[in-house]
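# Analysis of the macromolecular model
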Amino acid sequence: MKVFILVAILFSIFDEGYSYPIFFQCKESQITYKGKLEDNNIFEQLLLLDEQKQNEQIVAWCKGSEDCLKDFKFITEIAGLNYKMAEELFLEEITKIEVNFKPTNFSIDDLESLNKLKNNYTSLRACQNAKTKLDPEDFLIEYGSSVLTTYPYYSNYMYITGCQGVDSESCPPISKSHLDRVIKESILMGVDPYLVLSLSLMEGGTGKVGELYLDPIGVMSALGCSAKQIANKTNNPKALNSYGTNYIVESQIVENNKLQKKISNYFEAFSLKKEEGNSFYCYDTKGSSAPSIFDKPQSNSCCLELGFKTTNNMNYKIKHALTYHFIDSITKNSFKEKKDPAWRVQRYNGYSNLMGAAERVSPWRAGVNHYEDPIYGYQTMDFIINSLMFNPYISQQVDNLKNGLDARWDSILCKDKQDGTYYIDSDYYFNKHKDTPRLKSIYEKYKNGYSFDELTSREREVLLAEMEETASKNSKMPNRLPRYKENKVRQKLYNTLSFGSEGTFEIFKYSVLPKDEWKKAILGGHDLEEYELDAIYNYIIEGKEISKKYDEINKENNRLFKQAKEICDKIEDTQKITTCNLRRSKLASYIYSDNENFEISIKGSPLEEFEPKFLALGKNYKELDKKEEQRQHTFYDKFNYLKLKQKVFEFAAMTIDKIEPLEMALKRHAKNKNFNSKLKSQIEIYYSSIKNKNEVYSQDEAYKEYFNSIYKDRSTIQGSSVYPWRKFNAEEVSKLVEHFKRYKY
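This text gives an overview of the structure that appears in the document. Not measured: the values here are computed from a predicted model.

What counts and how
- Residues numbered from 1 in each chain as written.
- Predicted model: local features only at pLDDT ≥ 70, side-chain atom pairs only at ≥ 80, totals over all residues.
- Heavy atoms only, no water.
- Helix = DSSP H or I, 4+ residues; strand = E, 2+ residues; numbered from the N terminus.
- Buried < 20%, exposed > 50% of the residue type's maximum accessible area, 1.4 Å probe, protein only.
- Contact = heavy atoms within 4.5 Å.
- Areas by Shrake-Rupley, 256 points an atom, 1.4 Å probe, with all protein chains shown as cover.
- Expected span 1.5 Å × (residues − 1).
- Arc of directions from axis to C-beta.
- Polar contact = N/O pair within 3.5 Å; in protein donor to acceptor, adjacent residues only side chain to side chain.
- Disulfide = S-S within 2.5 Å.
- Phe/Tyr/Trp six-rings, centres within 6.5 Å; stacked < 30°, edge-to-face > 60°.
- Lys NZ or Arg CZ within 6 Å of the ring centre and 35° of its normal.

Each helix and strand counted, the chain has 27 helices and 15 strands in total. Buried positions account for 50% of the 745 residues belonging to the chain. Contacts in the chain between residues at least 24 apart in sequence constitute 75% of all its contacts with a sequence separation of at least 6. Of the roughly 38,000 Å² of accessible surface on the chain, a fraction of 47% belongs to carbon and sulfur atoms.

Here the focus is helix α27 (residues 730-741). With 12 residues, α27 extends 16 Å between its outermost C-alpha atoms, agreeing within 8% with the 16 Å of an ideal straight helix rising 1.5 Å per residue. When we look at burial in α27, the residues that qualify are Glu732, Val733, Leu736, Val737, His739 and Phe740. Seen end-on, α27 carries its buried residues on one side only, within an arc spanning 155°. Summarising the geometry of α27, the exposed residues directed more than 90 degrees from the buried face are Ala730 and Glu731. The distance from a side-chain oxygen at the start of α27 to the backbone nitrogen of Glu731 is 3.2 Å, and the residue carrying that oxygen is Asn729.

Here the focus is the state of the cysteines. On inspection of all chains with the given rule, the structure shows five disulfides. Two residues, Cys225 and Cys302, share a disulfide whose sulfurs are 2.0 Å apart. Residues Cys225 and Cys302 share a disulfide whose torsion about the S-S bond is about 95°; that sign makes it right-handed. You can see Cys225 sitting in the loop between α9 (216-223) and β7 (227-230) and its partner Cys302 sitting in strand β13 (residues 301-305), a full 77 residues away along the chain. A relative accessible area of 7% means that Cys225 is categorised as buried. Residue Cys302 is classed as buried on the basis of its relative accessible area of 0%.

Before going further, it helps to spend a moment on the packing of aromatic side chains. Taken as a whole and assessed by the stated rule, the structure comprises 32 aromatic pairs. Centroid distance Tyr157 to Trp725: 6.3 Å. Interplanar angle 70°. Geometry classified as edge-to-face. Taken together, the residues Tyr157 in the loop between β5 (153-154) and β6 (174-175) and Trp725 in the loop between α26 (699-714) and β15 (726-727) connect sequence positions 568 residues apart. Each member of the aromatic cluster is reached from another via a ring pair, and the members are Tyr151, Tyr153, Tyr157, Tyr159, Trp364, Phe383, Phe430 and Trp725. For Lys317, the ring lying beneath its charged end belongs to Phe270, and the centroid distance is 5.0 Å.

This part takes up helix α13 (residues 375-388). For α13, with 14 residues, the first-to-last C-alpha span of 18 Å sits near the 20 Å given by 1.5 Å per residue. Among the 14 residues in α13, 14 count as buried, and that is most of the element.

Remember, this is a structural readout, not a statement about activity or role.
Shown next, in the form of structure tokens:
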């Protein structure tokens, strides 16, 4: 029971509002921890003075220096939180002052004040040193197979503990074997293990520690081959497509002696198959086959010379090693000379001036400009300093392996820092992340008089998602649930009543609104002529028919994709399975490709029979694309684009399929054995939300209302989060500890 009591302390240690300085020492970019210095009574006696005499003594030492006064004041304030580190800072500070210290000059007048001060020290230091009461083994649960991680904040990122929320049904811990492997691999490859663990937890939570991967262009970078980004619409058959972005990669044989040595040591430490000789890890420059190990360099490929001979069965191990090497490489240099390590870490996630423009993201991240606020880096660093670096089991494992392996790693905290002692406030990164401005660039345009239509398509996409989340507060929009609440209700109903084979609720009957009914619904809400209304309606109906054809092609593409998977799964050789699946993905992606001269080495492959089928679908898809493009050009050439543009978007919603009456839906679901009054209420809530979503509204008016009345309360991460973004309270800590108790140890 000891572990769970202390875990509760760790979660709630500073619940009363305290933050505390975290100290670390750097030497040659590596993080070190010093023990207690030689005893010296000067600092202890200074702390025992009452405040007035303490100030008098400091003033006498500093002789009017404001910086000196400020430094000593800070040191005395944090002494109760970390005495040893404060003492060291004190001793370093007094060496700067050219006076002879005489400890006998100190006196104590008030014993009662001294006792009160000592009690205060005791309580504060008990909190600060709570983890010293825990052995590393206390963090092992599930009979030693898993590692427990704590975290002091209730936020969207609390999943570092394994919990998705305070009310989670369970909090899956980290696999000990996976964690141990990641630490060992990181140190062998010369990269900060705390950084790698934090990135792994950011990407996949506690259940996917050690599963970091690189996209195709990341692999090329790790191998050391240069690449040039080209326009995505450029039909270059030699281009490498890396998650929607095209590159031209230079064919090259890379000889990197330092990397060779690291990989060689990596193989030896894990007793992997390695012989004298040479082999090459090659990735073809178009990304049409999986990276593999060869006896000699391959043509039209980026190849890393390994310096030893090994088999292709070790392919996945090379892949792991290169992932760590990539992380180390991209974090070596600062970003635009920024000092905060969060800027380095952000390189792994990438930079965007408008997060959420390429794909919809969670509301607390939408609209952030990474060039001003690297929030991915902030949260990664927060994990490191508030959870990982001071976890007794993790820190012990890092220290043991650091001493046992012939490898050096630079701490992300110490890179580019001079040797010395540093501190950072425990709340620093949490607050930086929580208070990051969102939608700033759009807000600036709004203040400068831009209408909704005058925003870029990227800005509109991000803002519409945000406006959907705040619809209940926007008087210019139909009232509907935020997406996260709507998803929660939908999932609950789906799990309980088993709605629909494809996850779509059967409470809806899809039909197009008749033209007369559509016109009646928007009567008075427009300034368009009758012929313009007819044109808009016909334009939308035609678009709906084309959408159905798109859906049919996509459905057939997915069916072929699944069939091809069954073929690949029957292959026994692991590497051949990987290559087969890569070709399968390449074929399935053809319908979305701009490349008319699509080529893939498929002849003789188990998937050879699928090639003409995928290519035929792709041809149909591209013909449909041209038809849709022509349809839009015809419409906008005939009518006033600027006048109709906003109206088309507004009124298009009226053709979203009509919802069956609520009474009919409830009557149908009442036949389900799990139906009850609570489910009835949830169906009504969900029904109302979906129905309201289909109602017409002026996006420009809603946009103005959002920035006039809502944005000021949602300009920070805290204002847009489904979590409270604060420290846990006692009740929440109790709930979390109960979750952890479900795992035996």
